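Listed below, chain by chain, are the residues.
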Amino acid sequence: MSETDAIRARYARRKQMVEAGRYGFMNAAHLQAAHERQRALRSLLERHLSAQLLAHLRVLEVGCGGGGNLLEFVQIGFDPSNIVGVELLEDRVEVARSRLPLNTRVLAGDATQVDLGGAVFDIVYQSLVFSSILDHTARRGLADRMWKLLRPGGIVLWYDFIYDNPTNPDVRGVPLKEVRELFPLGKLSQRRVTLAPPIARRVARLHPALCSIFNVLCPFLCTHVLCSIVKTVPGATAVQEQIS
(Lines give C-alpha, C1' and ligand atoms only; values in the text may rest on other atoms or scores of the structure.)
Protein backbone atom coordinates (compact mmCIF):
# COMPACT_ATOMS: atom_id res chain seq x y z
CA MET A 1 0.00 0.00 0.00
CA SER A 2 1.33 3.44 -0.91
CA GLU A 3 1.58 6.10 1.78
CA THR A 4 -1.23 8.03 0.05
CA ASP A 5 -3.54 5.01 0.27
CA ALA A 6 -2.47 4.46 3.88
CA ILE A 7 -3.41 8.06 4.75
CA ARG A 8 -6.85 7.55 3.23
CA ALA A 9 -7.30 4.43 5.39
CA ARG A 10 -6.17 6.26 8.54
CA TYR A 11 -8.66 9.05 8.03
CA ALA A 12 -11.41 6.54 7.31
CA ARG A 13 -10.76 4.94 10.71
CA ARG A 14 -10.78 8.39 12.33
CA LYS A 15 -14.11 9.33 10.75
CA GLN A 16 -16.11 7.69 13.55
CA MET A 17 -14.56 10.00 16.16
CA VAL A 18 -15.26 13.02 13.95
CA GLU A 19 -18.90 12.02 13.55
CA ALA A 20 -19.16 11.47 17.31
CA GLY A 21 -18.33 15.16 17.82
CA ARG A 22 -14.91 14.84 19.43
CA TYR A 23 -13.48 17.45 17.06
CA GLY A 24 -16.56 19.69 16.88
CA PHE A 25 -17.24 23.02 18.52
CA MET A 26 -19.92 21.44 20.70
CA ASN A 27 -17.01 19.77 22.48
CA ALA A 28 -15.87 22.34 25.06
CA ALA A 29 -12.25 21.16 25.13
CA HIS A 30 -11.96 21.29 21.34
CA LEU A 31 -13.53 24.75 21.25
CA GLN A 32 -11.05 26.07 23.83
CA ALA A 33 -8.14 24.58 21.90
CA ALA A 34 -9.38 26.18 18.67
CA HIS A 35 -9.69 29.60 20.30
CA GLU A 36 -6.19 29.33 21.76
CA ARG A 37 -4.73 28.35 18.38
CA GLN A 38 -6.56 31.25 16.71
CA ARG A 39 -5.16 33.73 19.25
CA ALA A 40 -1.66 32.33 18.79
CA LEU A 41 -2.01 32.48 15.00
CA ARG A 42 -3.18 36.09 15.14
CA SER A 43 -0.20 37.00 17.34
CA LEU A 44 2.19 35.24 14.99
CA LEU A 45 0.78 36.93 11.88
CA GLU A 46 0.88 40.29 13.62
CA ARG A 47 4.59 39.76 14.25
CA HIS A 48 5.28 39.31 10.53
CA LEU A 49 2.59 41.36 8.78
CA SER A 50 0.40 44.41 9.06
CA ALA A 51 -3.37 44.05 8.79
CA GLN A 52 -3.43 46.34 5.75
CA LEU A 53 -1.39 43.85 3.73
CA LEU A 54 -3.41 40.70 4.36
CA ALA A 55 -5.75 41.15 1.40
CA HIS A 56 -2.75 41.21 -0.97
CA LEU A 57 -1.16 37.95 0.17
CA ARG A 58 -1.54 34.58 -1.54
CA VAL A 59 -2.24 31.68 0.83
CA LEU A 60 -2.08 27.93 0.23
CA GLU A 61 -3.17 25.27 2.71
CA VAL A 62 -2.04 21.70 2.08
CA GLY A 63 -4.51 19.22 3.52
CA CYS A 64 -7.26 21.79 3.96
CA GLY A 65 -9.88 19.25 5.11
CA GLY A 66 -13.37 20.69 5.22
CA GLY A 67 -12.11 24.26 4.82
CA GLY A 68 -12.34 25.38 8.44
CA ASN A 69 -8.84 26.84 8.56
CA LEU A 70 -9.25 28.63 5.24
CA LEU A 71 -12.51 30.12 6.48
CA GLU A 72 -10.57 31.51 9.44
CA PHE A 73 -8.10 33.15 7.03
CA VAL A 74 -11.03 34.82 5.25
CA GLN A 75 -12.37 36.03 8.59
CA ILE A 76 -8.94 37.37 9.56
CA GLY A 77 -8.90 39.56 6.44
CA PHE A 78 -7.29 37.61 3.60
CA ASP A 79 -8.94 37.97 0.18
CA PRO A 80 -10.83 34.75 -0.67
CA SER A 81 -9.66 34.96 -4.28
CA ASN A 82 -6.05 34.75 -3.09
CA ILE A 83 -6.65 31.58 -1.07
CA VAL A 84 -6.13 28.03 -2.36
CA GLY A 85 -6.70 24.75 -0.57
CA VAL A 86 -5.52 21.28 -1.59
CA GLU A 87 -7.16 18.19 -0.07
CA LEU A 88 -6.58 14.49 -0.68
CA LEU A 89 -9.98 13.21 0.46
CA GLU A 90 -12.76 13.85 -2.04
CA ASP A 91 -15.59 14.03 0.51
CA ARG A 92 -13.72 16.76 2.40
CA VAL A 93 -13.14 18.67 -0.83
CA GLU A 94 -16.90 18.86 -1.38
CA VAL A 95 -17.46 20.06 2.18
CA ALA A 96 -14.80 22.76 1.81
CA ARG A 97 -16.24 23.99 -1.48
CA SER A 98 -19.69 24.26 0.08
CA ARG A 99 -18.41 26.28 3.05
CA LEU A 100 -15.95 28.67 1.41
CA PRO A 101 -16.58 31.66 -0.88
CA LEU A 102 -17.00 30.70 -4.53
CA ASN A 103 -13.80 32.51 -5.54
CA THR A 104 -11.67 30.40 -3.17
CA ARG A 105 -10.12 27.50 -5.07
CA VAL A 106 -10.19 24.06 -3.47
CA LEU A 107 -8.30 21.41 -5.44
CA ALA A 108 -8.61 17.66 -5.02
CA GLY A 109 -5.53 15.48 -4.95
CA ASP A 110 -2.11 14.83 -3.46
CA ALA A 111 -0.47 18.15 -2.56
CA THR A 112 2.87 16.91 -3.91
CA GLN A 113 1.31 16.30 -7.32
CA VAL A 114 -1.49 18.85 -7.84
CA ASP A 115 -0.79 21.25 -10.69
CA LEU A 116 -0.84 24.81 -9.38
CA GLY A 117 0.35 26.30 -12.64
CA GLY A 118 3.68 27.59 -11.36
CA ALA A 119 1.99 29.62 -8.64
CA VAL A 120 3.99 30.83 -5.68
CA PHE A 121 2.51 31.81 -2.34
CA ASP A 122 3.31 34.24 0.45
CA ILE A 123 2.01 31.80 3.08
CA VAL A 124 1.87 28.00 2.93
CA TYR A 125 -0.02 26.46 5.85
CA GLN A 126 -0.30 22.94 7.21
CA SER A 127 -2.38 21.89 10.19
CA LEU A 128 -2.19 18.35 11.60
CA VAL A 129 -1.20 16.89 8.23
CA PHE A 130 2.37 15.73 8.85
CA SER A 131 1.45 13.81 12.00
CA SER A 132 -0.84 11.67 9.83
CA ILE A 133 2.04 10.87 7.44
CA LEU A 134 4.06 8.04 8.96
CA ASP A 135 6.54 7.56 6.13
CA HIS A 136 9.55 9.84 6.46
CA THR A 137 10.16 9.98 2.71
CA ALA A 138 6.58 11.15 2.16
CA ARG A 139 7.02 13.82 4.84
CA ARG A 140 10.20 14.97 3.15
CA GLY A 141 8.47 15.12 -0.23
CA LEU A 142 5.59 17.24 1.05
CA ALA A 143 7.91 19.62 2.90
CA ASP A 144 10.00 20.08 -0.26
CA ARG A 145 6.85 20.81 -2.27
CA MET A 146 5.68 23.39 0.28
CA TRP A 147 9.08 25.07 0.21
CA LYS A 148 9.10 25.12 -3.59
CA LEU A 149 5.66 26.76 -3.69
CA LEU A 150 6.71 29.44 -1.17
CA ARG A 151 8.21 32.56 -2.62
CA PRO A 152 11.48 33.96 -1.19
CA GLY A 153 10.65 35.90 1.97
CA GLY A 154 7.39 33.97 2.44
CA ILE A 155 6.28 32.03 5.49
CA VAL A 156 5.42 28.41 6.17
CA LEU A 157 2.84 28.27 8.95
CA TRP A 158 2.91 24.97 10.83
CA TYR A 159 0.53 23.56 13.45
CA ASP A 160 1.00 19.99 14.62
CA PHE A 161 1.75 17.88 17.67
CA ILE A 162 5.24 16.94 18.74
CA TYR A 163 4.61 13.74 20.72
CA ASP A 164 3.46 10.29 19.68
CA ASN A 165 0.01 9.25 20.84
CA PRO A 166 0.42 5.80 22.44
CA THR A 167 -3.31 5.06 22.00
CA ASN A 168 -3.40 5.94 18.29
CA PRO A 169 -1.02 4.11 15.92
CA ASP A 170 -2.39 6.11 12.97
CA VAL A 171 -0.47 9.24 13.97
CA ARG A 172 3.10 10.08 14.85
CA GLY A 173 4.35 13.26 16.45
CA VAL A 174 6.70 15.62 14.63
CA PRO A 175 9.29 16.93 17.11
CA LEU A 176 10.79 20.36 16.54
CA LYS A 177 14.10 18.79 15.58
CA GLU A 178 12.39 17.11 12.63
CA VAL A 179 10.57 20.32 11.65
CA ARG A 180 13.95 22.04 11.44
CA GLU A 181 15.33 19.14 9.37
CA LEU A 182 12.36 19.37 6.98
CA PHE A 183 12.97 23.11 6.43
CA PRO A 184 16.73 23.50 6.96
CA LEU A 185 16.98 26.83 5.14
CA GLY A 186 14.13 28.49 7.05
CA LYS A 187 14.23 30.79 10.04
CA LEU A 188 11.95 29.09 12.57
CA SER A 189 10.16 30.50 15.56
CA GLN A 190 7.68 28.47 17.60
CA ARG A 191 5.16 28.59 20.40
CA ARG A 192 3.84 25.67 22.42
CA VAL A 193 0.03 25.51 22.27
CA THR A 194 -2.90 23.14 22.88
CA LEU A 195 -3.29 21.46 26.22
CA ALA A 196 -2.95 17.68 25.89
CA PRO A 197 -6.43 16.59 24.73
CA PRO A 198 -7.00 13.91 27.44
CA ILE A 199 -6.20 16.51 30.10
CA ALA A 200 -8.19 19.22 28.33
CA ARG A 201 -11.31 17.05 28.20
CA ARG A 202 -11.15 16.43 31.95
CA VAL A 203 -10.40 20.06 32.79
CA ALA A 204 -13.17 21.37 30.52
CA ARG A 205 -15.73 19.29 32.42
CA LEU A 206 -14.95 21.39 35.49
CA HIS A 207 -14.96 24.70 33.60
CA PRO A 208 -13.83 25.47 30.01
CA ALA A 209 -11.89 28.55 31.13
CA LEU A 210 -9.55 26.31 33.12
CA CYS A 211 -8.03 25.13 29.83
CA SER A 212 -6.58 28.61 29.24
CA ILE A 213 -5.24 28.75 32.79
CA PHE A 214 -3.51 25.40 32.37
CA ASN A 215 -2.02 26.57 29.07
CA VAL A 216 -0.43 29.58 30.77
CA LEU A 217 0.67 27.93 34.01
CA CYS A 218 1.66 24.51 32.63
CA PRO A 219 3.09 24.97 29.11
CA PHE A 220 4.86 21.61 29.47
CA LEU A 221 1.40 20.00 29.22
CA CYS A 222 0.89 21.50 25.76
CA THR A 223 1.40 18.89 23.05
CA HIS A 224 1.37 20.99 19.86
CA VAL A 225 3.49 23.74 18.35
CA LEU A 226 2.57 26.65 16.12
CA CYS A 227 5.57 27.64 14.02
CA SER A 228 6.48 30.28 11.49
CA ILE A 229 9.28 29.32 9.12
CA VAL A 230 10.51 32.22 7.00
CA LYS A 231 12.10 31.40 3.65
CA THR A 232 15.29 33.33 4.12
CA VAL A 233 17.06 33.48 0.78
CA PRO A 234 19.99 35.85 0.11
CA GLY A 235 18.68 38.98 -1.52
CA ALA A 236 15.02 38.21 -0.72
CA THR A 237 12.90 40.57 1.32
CA ALA A 238 10.30 39.64 3.88
CA VAL A 239 6.63 39.43 2.93
CA GLN A 240 5.77 42.83 4.36
CA GLU A 241 8.76 44.55 2.74
CA GLN A 242 8.02 42.92 -0.61
CA ILE A 243 4.46 44.27 -0.75
CA SER A 244 4.82 47.67 0.89
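For the structure itself, look to the data block above.
### Quick look at the packing of helix α7 (residues 197-206) against helix α8 (residues 209-217)
What describes two packed helices is the angle between their axes and the distance between those same axes.
Phase 1: Packing of α7 against α8 leaves a shortest axis separation of 7 Å and a crossing angle of 130°. Taken as axis vectors, α7 and α8 run oblique relative to one another. Mapping the contact onto sequence places Ala200, Val203, Ala204 and Leu206 in α7 and Leu210, Cys211 and Phe214 in α8.
Phase 2: A class-by-class count of the residues in the contact of α7 with α8 yields 7 nonpolar, no polar and no charged.

### A word on the pairing of strand β4 (residues 121-127)
Phase 1: Buried residues dominate β4, accounting for 7 of its 7 residues.
Phase 2: Two strands pair when backbone bridges link them, and strand β1 (residues 59-62) and β4 are joined in this way by 4 bridges, in the parallel orientation. Paired with Val62 across the two strands is Gln126, which belongs to β4.
Phase 3: Pairing of β4 with strand β5 (residues 150-161) involves 6 bridges; the strand directions are parallel.

### Notes on the packing of aromatic side chains
Phase 1: Scanning all chains against the criterion turns up 5 aromatic pairs.
Phase 2: Judged by centre distance (5.2 Å) and plane angle (70°), the ring pair of Phe73 and Phe78 falls under edge-to-face. Exposure class is identical for Phe73 and Phe78. Each is buried.
Phase 3: Each ring, one from Trp158 and one from Phe183, has its centre 6.1 Å from the other, and the planes form 80°; the classification is edge-to-face. One end of the pair, Trp158, is in strand β5; the other, Phe183, is in the loop between α6 (176-182) and β6 (186-195), with 25 residues separating them in the sequence.
Phase 4: An aromatic cluster is present here, built from Phe130, Trp147, Trp158 and Phe183 joined pairwise through their rings.
Phase 5: Over the ring of Tyr11 we find Arg14; its NZ or CZ atom is 4.5 Å from the centre of that ring.
Phase 6: Its guanidinium or amino end placed over the ring of Tyr159, Arg37 lies 5.7 Å from that ring's centre, counting from NZ or CZ.

### Quick word on the side chain of Glu72
Phase 1: Summarising the element assignment, Glu72 is placed in helix α3 (residues 68-76).
Phase 2: For Glu72, a relative accessible area of 11% puts it in the buried group.
Phase 3: Excluding residues within four positions of it along the chain, Glu72 makes contact with Arg37 and Gln38.

Calculation notes
Residues numbered from 1 in each chain as written. Predicted model: local features only at pLDDT ≥ 70, side-chain atom pairs only at ≥ 80, totals over all residues. Heavy atoms only, no water. Axes fitted to C-alpha atoms, helices over the stretch in contact; angles between N-to-C directions. Helix = DSSP H or I, 4+ residues; strand = E, 2+ residues; numbered from the N terminus. Parallel < 35°, antiparallel > 145°, perpendicular 65-115°, else oblique. Contact = heavy atoms within 4.5 Å. Nonpolar A, V, L, I, M, F, W, Y, C, P; charged D, E, K, R; others polar. Buried < 20%, exposed > 50% of the residue type's maximum accessible area, 1.4 Å probe, protein only. Pairing = 2+ DSSP bridges. Phe/Tyr/Trp six-rings, centres within 6.5 Å; stacked < 30°, edge-to-face > 60°. Lys NZ or Arg CZ within 6 Å of the ring centre and 35° of its normal.

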